[in-house]
Amino acid sequence: MGVRKPLTSYADDIKIIAKSEQELNEVVESVRSFLACIGLAIEVTKSTLLVVGDDAITSVKLLGQQLKVADKLRFLGVGIDRDGKFFPWLTSYTDRLHMLWNKLNDYGFGASLIPFMKAYNIFL
């Protein structure tokens, strides 16, 4: 029986949780191998590292490339910071509207909402 590794994935979003750089690389290699079997690959330039609680780790290479290091990340709509503290990712109704507006614009739907927004006095 294989060793269990914590892994959560959502469509094209995978969160890998590891206790060390070595463990991270082992899990990444397993994920990379699996993805290769189904014709997918890890895009290192879109990957981000959040180191929780260890200030000694300031950079990590993934598949030979340097990872971007973040001060905080979002996971299932909740933020987590370098101290391991959780916080609401969206702090207000306005933040949620801005996020929705940006997503709709990304897919070309923003302009169709302008009449609705005017009717309800929603200004972004």
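Higher on the page you've got the structure.
Residues numbered from 1 in each chain as written. Predicted model: local features only at pLDDT ≥ 70, side-chain atom pairs only at ≥ 80, totals over all residues. Heavy atoms only, no water.

A.B. asks: I keep staring at the overall build of the protein chain and nothing clicks. Help me out?
C.D. replies: Each helix and strand in the protein chain was counted, giving 3 helices and 9 strands. What you see in the protein chain, going N to C, is helices and strands ordered as β-β-α-β-β-β-β-β-β-β-α-α. Out of the 124 residues in the protein chain, the part that is buried amounts to 17%. Excluding contacts between residues fewer than 6 apart, the proportion of contacts in the protein chain whose partners are at least 24 apart in sequence is 26%. Summed over all atoms, the accessible surface of the protein chain reaches about 9600 Å², with 57% contributed by carbon and sulfur. (Helix = DSSP H or I, 4+ residues; strand = E, 2+ residues; numbered from the N terminus. Buried < 20%, exposed > 50% of the residue type's maximum accessible area, 1.4 Å probe, protein only. Contact = heavy atoms within 4.5 Å. Areas by Shrake-Rupley, 256 points an atom, 1.4 Å probe, with all protein chains shown as cover.)

A.B. asks: Can you walk me through the environment of Phe75 in this structure?
C.D. replies: Considering the arrangement of structural elements, one finds Phe75 in strand β7 (residues 72-75). For Phe75, a relative accessible area of 28% translates into the label partly exposed. Counting along the chain gives 60 residues from Phe75 to Lys15, while the straight-line C-alpha distance between them is 8.1 Å.

A.B. asks: So what exactly am I meant to see when it comes to the nonpolar core here?
C.D. replies: Within soluble globular proteins, side chains that are nonpolar generally end up buried alongside one another. Residues Leu24, Val28, Val44, Leu49, Val51, Val60, Leu62 and Leu67 constitute the largest nonpolar core, which totals 8 residues. Setting aside residues no more than four positions away along its own chain, Val51 makes contact with Ile57 and Arg82. (Core = buried A, V, L, I, M, F, W, Y, C linked by side-chain atoms within 4.5 Å.)

A.B. asks: When you look at the side chain of Asp81 in this model, what are you seeing that I'm missing?
C.D. replies: Mapping Asp81 onto the fold places it in strand β8 (residues 78-81). Buried within the structure, Asp81 lacks any salt-bridge partner; Lys85 is the closest side chain of opposite charge, at an N-O distance of 5.9 Å. Only 3.0 Å separates the side chain of Asp81 from the backbone nitrogen of Asp83, close enough to count as a polar contact. With residues up to four places along the chain from it excluded, the contact list for Asp81 reads Leu50, Val52, Asp71, Lys72 and Phe87. (Lys, Arg positive; Asp, Glu negative; His and termini not counted. Salt bridge = Lys/Arg side-chain N within 4 Å of Asp/Glu carboxyl O. Polar contact = N/O pair within 3.5 Å; in protein donor to acceptor, adjacent residues only side chain to side chain.)

A.B. asks: Whenever I open this one, the environment of Ser59 confuses me. Can you help?
C.D. replies: Along the chain, Ser59 falls in the loop between β3 (48-49) and β4 (61-62). By relative accessible area, Ser59 is classed as partly exposed at 38%. Note: C-alpha distance between Ser59 and Val69 (10 residues apart in sequence) is 6.9 Å.

A.B. asks: Would you mind showing me how to read the sheet that holds strand β9 (residues 86-88) here?
C.D. replies: To summarise the sheet geometry, strands pair through backbone hydrogen bonds and adopt either a parallel or an antiparallel arrangement. Taken together, the 3 strands give an open sheet; going across it, the order is β7-β8-β9, and neighbouring strands pair in antiparallel fashion. What marks the edges here is a single partner per strand, and that holds for β7 and β9. Put simply, the sheet's adjacent strands are angled 35° from each other on average, direction ignored. (Pairing = 2+ DSSP bridges. Axes fitted to C-alpha atoms, helices over the stretch in contact; angles between N-to-C directions.)

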